[in-house]
Amino acid sequence: MGDLPICKLPVPHLTIMSTVLPSIVAMVLYALSTVLLTAPLTGCPYTWHRSGLITAMLAIFLHTGVLLGAHGLHLDLHFFAALSLVSCVVALLTLLVNLLRPVTGLSLLVFPLAALLLALDVFVASPTLPQSMDWQISLHATIALLSYSLLSIATLVAILLAIQERALRSHRLGRLLQALPPLTQTETLLFRLVRTGFIGLSLTLLTGTLFITDTHVEQLTYMIALSVLAWLIFAALLWGHWRHGWRGARAVQLTLLGMTALALAFFGSKLVLELLHRRIP
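Residues numbered from 1 in each chain as written. Predicted model: local features only at pLDDT ≥ 70, side-chain atom pairs only at ≥ 80, totals over all residues. Heavy atoms only, no water.

**Considerations on the overall build of the protein chain**
And then number 1: Helices and strands together make up the secondary structure of the protein chain, namely nine helices and zero strands.
And then number 2: Shown N-terminal to C-terminal, the secondary structure of the protein chain runs as helices and strands in the order α-α-α-α-α-α-α-α-α.
And then number 3: Here the protein chain holds 281 residues, and 48% of them are scored as buried.
And then number 4: Long-range contacts, defined here as pairs at least 24 residues apart, represent 82% of the contacts in the protein chain between residues at least 6 apart. (Helix = DSSP H or I, 4+ residues; strand = E, 2+ residues; numbered from the N terminus. Buried < 20%, exposed > 50% of the residue type's maximum accessible area, 1.4 Å probe, protein only. Contact = heavy atoms within 4.5 Å.)

**Overview of the packing of helix H3 (residues 79-100) against helix H5 (residues 135-170)**
And then number 1: Viewed as axis vectors pointing N to C, H3 and H5 meet at an angle of 60 degrees, and their least axial separation amounts to 9 Å. Judged by the inter-axis angle, H3 sits oblique to H5. When you trace H3 past H5, the crossing you get is right-handed. Contacts from Leu85, Val86, Val89, Val90, Leu93 and Thr94 in H3 reach Leu145, Leu146, Tyr148, Ser149, Leu150, Ser152 and Ile153 in H5.
And then number 2: Looking at the contact of H3 with H5 residue by residue, the classes come out as ten nonpolar, three polar and no charged. (Axes fitted to C-alpha atoms, helices over the stretch in contact; angles between N-to-C directions. Parallel < 35°, antiparallel > 145°, perpendicular 65-115°, else oblique. Left-handed = near helix turned anticlockwise from the far one by under 90°. Nonpolar A, V, L, I, M, F, W, Y, C, P; charged D, E, K, R; others polar.)

**Remarks on the pattern of salt bridges**
And then number 1: Scanning the entire structure with this criterion turns up one salt bridge.
And then number 2: As a salt-bridge pair, arginine 247 and glutamate 187 come within 2.9 Å of each other at their nearest N and O atoms. Of this pair, arginine 247 sits in the loop between helix H8 (218-244) and helix H9 (248-279) while glutamate 187 is found in helix H7 (residues 183-211), placing the two residues 60 residues apart along the sequence.
And then number 3: In this structure arginine 247 comes out as partly exposed when scored by relative accessible area, which is 49%. (Salt bridge = Lys/Arg side-chain N within 4 Å of Asp/Glu carboxyl O.)

**Re the packing of aromatic side chains**
And then number 1: Evaluated as defined, the whole model comprises two aromatic pairs.
And then number 2: If you follow arginine 250 out to its NZ or CZ, it ends over the ring of tryptophan 246, 4.8 Å from the centre. (Phe/Tyr/Trp six-rings, centres within 6.5 Å; stacked < 30°, edge-to-face > 60°. Lys NZ or Arg CZ within 6 Å of the ring centre and 35° of its normal.)

**As for the confidence of the model for the protein chain**
And then number 1: With 79% of its residues at a pLDDT of 70 or more, the protein chain shows a mean pLDDT of 82.
And then number 2: H7 holds the highest mean pLDDT among the elements of the protein chain, 92, whereas helix H6 (residues 175-179) holds the lowest, 63.
And then number 3: Low pLDDT, under 50, characterises residues 1-14; the stretch is placed with 41 contacts to residues that sit more than four places away or in other chains. (pLDDT = per-residue confidence, 0-100.)

**Considerations on the environment of isoleucine 224**
And then number 1: One can find isoleucine 224 in helix H8.
And then number 2: With 16 residues separating them along the chain, isoleucine 224 and glycine 208 place their C-alpha atoms 8.9 Å apart.

**Overview of a nonpolar patch on the surface**
And then number 1: Together, Ile24, Val28, Phe123 and Val124 give the surface a local cluster of nonpolar side chains, amounting to about 360 Å² of exposed area.
And then number 2: For the nonpolar patch, the elements supplying multiple residues, two or more each, are helix H1 (13-38) and helix H4 (104-124).
And then number 3: Along the polypeptide, valine 124 turns up in helix H4.
And then number 4: Exposure remark for valine 124: the relative accessible area of 55% places this residue in the exposed category. (Patch = residues over 30% accessible without salt bridge, like charges linked within 9 Å, V, L, I, M, F, W, Y side chains within 5 Å. Areas by Shrake-Rupley, 256 points an atom, 1.4 Å probe, with all protein chains shown as cover.)

**Side note on the side chain of serine 33**
And then number 1: Within the fold, serine 33 resides in helix H1.
And then number 2: Excluding residues within four positions of it along the chain, serine 33 makes contact with Gly52, Thr55, Ala56 and Phe111.

What follows is the structure in structure tokens.
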């Protein structure tokens, strides 16, 4: 989960201005897709749901264009840019999940969040330029990004699973919960996402071991330790599910715990160190 130092250089004014309009349009489309996906829950025709997915696809296309327009094929891994990049990948994976197995509740969480993180990156964060990476580091960062995104979706599914279980116990099923797949299908989706994300996380640690040599850098030390901790938590969850049939509340708790460690590994250490570097003359 390592990265190269980010070069804090001013981005040309033309590049900044060229991302503003598509960013605004993408945020509007994310919001519109959320409304369209919610509409069938209030009695509107199901065609609104399909329109919502198409609108989300356009939003993701524009979001990707903004990222490529600002940084080209180079990964900018400073805090807000990384958040925007991860949210775009998560939105794309959420769209694919909905095409295979509709999970409206997941979309209603992801698409507004993607719009918010895009806005923070474009309108709030200080402009930066990434340094070029060797192909080995780019491969490592790409695998890390995909595994992090998959485990992020798994975490959102775990939250929906917890809400769904609580609603079933209290016999209070709203329209949103009624639109979710049956509980067993939601649980199956959770473990498939965790399993796939765990494989990606394992490859991330492996490529990091092979390709990153300067592991004594302060940020990398924290990232490696917390990433290994997250790996152990997800490994325990998958082993417990296979060996002892762990599910329900225990699966939700371990998923949230593992994702917390993973989020601290990358974004937590990055945020703290970037803030410290800004304060140091």
